[in-house]
Amino acid sequence: MNTTVQTQTQATTDLASIAIVGLIGLAFIFITGIAQASVLHDSAHDVRHAIGFACH
Ligand SMILES: [Zn+2]
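Residues numbered from 1 in each chain as written. Predicted model: local features only at pLDDT ≥ 70, side-chain atom pairs only at ≥ 80, totals over all residues. Heavy atoms only, no water.

Now for the coordination of the zinc ion. Within the protein, His45 (NE2), His49 (NE2), Cys55 (SG) and His56 (NE2) serve as the donor atoms for the zinc ion, at 1.8 to 2.5 Å. Taken together, the four donor atoms coordinating the zinc ion and their angles of 99 to 125° define a geometry best described as tetrahedral. Mapping the donors of the zinc ion onto the primary sequence yields the spacing H-x3-H-x5-C-H. With His45 in helix 2 (residues 37–50) and His56 in the segment after helix 2, this residue pair connects regions lying 11 residues apart in the sequence. Judged by its relative accessible area of 75%, His56 falls in the exposed class. (Donors = N, O, S within 2.8 Å, 3.2 Å for Na, K, Ca; no water. Tetrahedral: all angles 85-135°; square planar, octahedral: opposite > 155°, others 65-115°. Helix = DSSP H or I, 4+ residues; strand = E, 2+ residues; numbered from the N terminus. Buried < 20%, exposed > 50% of the residue type's maximum accessible area, 1.4 Å probe, protein only.)

Okay, helix 2 next. For helix 2, built from 14 residues, the straight-helix expectation of 20 Å at 1.5 Å per residue is met to within 8% by its first-to-last C-alpha distance of 20 Å. Once helix 2 ends, the next one or two residues include Gly52, with phi positive near 75°. (Expected span 1.5 Å × (residues − 1).)

Moving on, we come to the environment of His56. Those residues in contact with His56, other than ones at most four positions away along the chain, are His45 and His49. A distance of 3.0 Å separates a polar atom in the side chain of His56 from a polar atom in the side chain of His45. (Contact = heavy atoms within 4.5 Å. Polar contact = N/O pair within 3.5 Å; in protein donor to acceptor, adjacent residues only side chain to side chain.)

All right, on to a nonpolar patch on the surface then. Where nonpolar side chains cluster on the molecular surface, the patch consists of Phe30, Ile31, Ile34 and Leu40 and spans about 400 Å² of accessible area. Mapped onto the elements of the fold, Leu40 is located in helix 2. (Patch = residues over 30% accessible without salt bridge, like charges linked within 9 Å, V, L, I, M, F, W, Y side chains within 5 Å. Areas by Shrake-Rupley, 256 points an atom, 1.4 Å probe, with all protein chains shown as cover. Salt bridge = Lys/Arg side-chain N within 4 Å of Asp/Glu carboxyl O.)

Written out as structure tokens, the structure reads:
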């Protein structure tokens, strides 16, 4: 009983993880396909400075 429940929970978690990762991947492809490269670069650049990451 316990084993069955745990297995089912694990399978559900895996499916949810795959779905989330898939959505993120599709969103990333969609964003990179629509947005201008310069816009993406500037955004990443601003984020780098905002979090204090070494840049230039
Ligand atoms: Zn910079």
